[in-house]
Amino acid sequence: MTASPDLGTAQLASPDLLRSVFRQHAAGVAVITAQGDHPVGFTATSLNSVAAEPPLISFGVGTSSSSWPVIARAEHIGVHVLGEHQQELAATFARSGADRFGQPTRWSTGPEGVPVLDGVLAWLVCRVVGRVQAGDHRIVIAEAVVGDPAGAGRPLLYHQGRFNALRD
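Residues numbered from 1 in each chain as written. Predicted model: local features only at pLDDT ≥ 70, side-chain atom pairs only at ≥ 80, totals over all residues. Heavy atoms only, no water.

### Quick notes on the pairing of strand 11 (residues 156–159)
Pairing of strand 1 (residues 27–28) with strand 11 involves two bridges; the strand directions are antiparallel. Pairing of Ala-27 across the sheet is with Tyr-158, part of strand 11. In the sheet, strand 11 pairs with strand 12 (residues 162–165) via four bridges, with the strands oriented antiparallel. Considered in strand 12, the bridge of Leu-157 is made with Asn-164. Between strand 11 and the antiparallel strand that follows it, strand 12, lie two residues; Gln-160 among them carries a positive phi value of about 55°. (Pairing = 2+ DSSP bridges. Helix = DSSP H or I, 4+ residues; strand = E, 2+ residues; numbered from the N terminus.)

### What about helix 3 (residues 87–94)?
Here helix 3 has its buried residues at Leu-89, Ala-90, Thr-92 and Phe-93. For helix 3, the angular spread of the buried residues around the axis is 160°, confining them to a single face. Buried residues belonging to helix 3 abut strand 2 (30–35), strand 3 (39–44), strand 8 (115–117), strand 11 and strand 12. (Buried < 20%, exposed > 50% of the residue type's maximum accessible area, 1.4 Å probe, protein only. Arc of directions from axis to C-beta. Contact = heavy atoms within 4.5 Å.)

### Focus on the sheet that holds strand 4 (residues 48–51)
Read across the open sheet, the seven strands follow the order 3-2-6-9-10-5-4; overall the sheet is antiparallel. Among the strands making up the open sheet, the edge pair consists of strand 3 and strand 4. Neighbour-to-neighbour, the strand axes of the sheet open up by a mean angle of 35°, direction not taken into account. Two strands pair when backbone bridges link them, and strand 2 and strand 6 (residues 76–81) are joined in this way by four bridges, in the antiparallel orientation. From the neighbouring strand, Ile-32 faces strand 6, where its bridge partner is Val-79. Sitting on the sheet, helix 3 touches strand 2 and strand 3, and the angle it makes with strand 3 is about 115°. (Axes fitted to C-alpha atoms, helices over the stretch in contact; angles between N-to-C directions.)

### Quick notes on the sheet that holds strand 11
Within the open sheet, the three strands sit side by side as 1-11-12. Their pairing is antiparallel. Pairing within the sheet leaves two strands with one partner each, and these edge strands are strand 1 and strand 12.

### Some remarks on the environment of Gly-151
Along the chain, the position of Gly-151 falls in the loop between strand 10 (137–148) and strand 11. Once the C-alpha coordinates of Gly-151 and Trp-123 are considered, the two residues, 28 residues apart in sequence, prove to be 8.7 Å apart. Apart from residues lying up to four places away in sequence, Gly-151 is in contact with Val-120 and Leu-121.

### Details of the pattern of salt bridges
Scanning all chains against the criterion turns up five salt bridges. Arg-154 serves as the salt-bridge partner of Glu-84, at 3.9 Å between the closest nitrogen and oxygen. Taken together, the positions of Glu-84 in the loop between strand 6 and helix 3 and Arg-154 in the loop between strand 10 and strand 11 put the pair 70 residues apart, joining distant regions of the chain. Close ionic contact of Asp-118 with Arg-106 constitutes a salt bridge, the shortest N to O distance being 3.9 Å. With Asp-118 in the loop between strand 8 and strand 9 (122–134) and Arg-106 in the loop between helix 3 and strand 7 (107–109), this residue pair connects regions lying 12 residues apart in the sequence. With a relative accessible area of 32%, Asp-118 lands in the partly exposed category. (Salt bridge = Lys/Arg side-chain N within 4 Å of Asp/Glu carboxyl O.)

### Focus on the packing of aromatic side chains
Any pair of aromatic rings gets described here by the distance separating the centres and the angle formed by the planes. On inspection of all chains with the given rule, the structure shows four aromatic pairs. Ring centres 6.0 Å apart and planes at 55° place the aromatic pair Phe-42 and Phe-59 in the tilted group. Remark: Phe-59 occurs in strand 5 (residues 56–62) and Phe-42 occurs in strand 3; sequence separation between them is 17 residues. We note that Phe-42, like Phe-59, is buried. Ring geometry for Phe-101 versus Trp-107: centroids 5.1 Å apart, planes at 75°, classification edge-to-face. For Phe-101, a relative accessible area of 13% puts it in the buried group. Under the relative-accessibility criterion, Trp-107 is labelled partly exposed at 29%. Every member of this aromatic cluster is reached through a ring pair, and the members are Phe-93, Phe-101 and Trp-107. (Phe/Tyr/Trp six-rings, centres within 6.5 Å; stacked < 30°, edge-to-face > 60°.)

The structure is reproduced here in structure tokens:
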């Protein structure tokens with residue numbers, strides 16, 4: 001069931017309003033990785049396909065994120081589309097202070113030295129082509145270099161503040 005607009009209850013824009021509205025938006029779950037002095041990564045629900053020619057993607061990253069200093073300098077990043085069986089992996093990469101690349105995370109060094117996670121639905125290694133300031137975040141734009149779309153399973157979704165699976 002959908003809600004009819006009630007303009008009498010409209011709220012002025014605020015961080016809380018934005019969060020509340022986007023809790024209604026189901027998003028795919030990805031993990032972004034990069035290699036600095038050590039591997040870094042974070043869970044993202046802001047992954048977008050930007051263009052097919054050239055093959056461009058984008059994602060947002062908070063400048064207060066522990067991964068941002070590495071992402072800010074990285075020439076290449078990894079993009080991993082998670083499956084519904086990877087809720088714990090998504091939670092690990094979303095948790096502040098977690099040992100994201102320790103056990104039980106399975107990964108290897110991939111093309112361009114980028115950490116590539118095992119068992120994902122699909123992955124890309126991308127060359128960063130731009131970083132755009134957007135409030136307390138940066139929008140990173142990157143061109144796909146190599147990848148693999150052949151993972152098995154169904155995508156992991158994020159909705160109403162929780163990880164979810166598709167339902168038929």
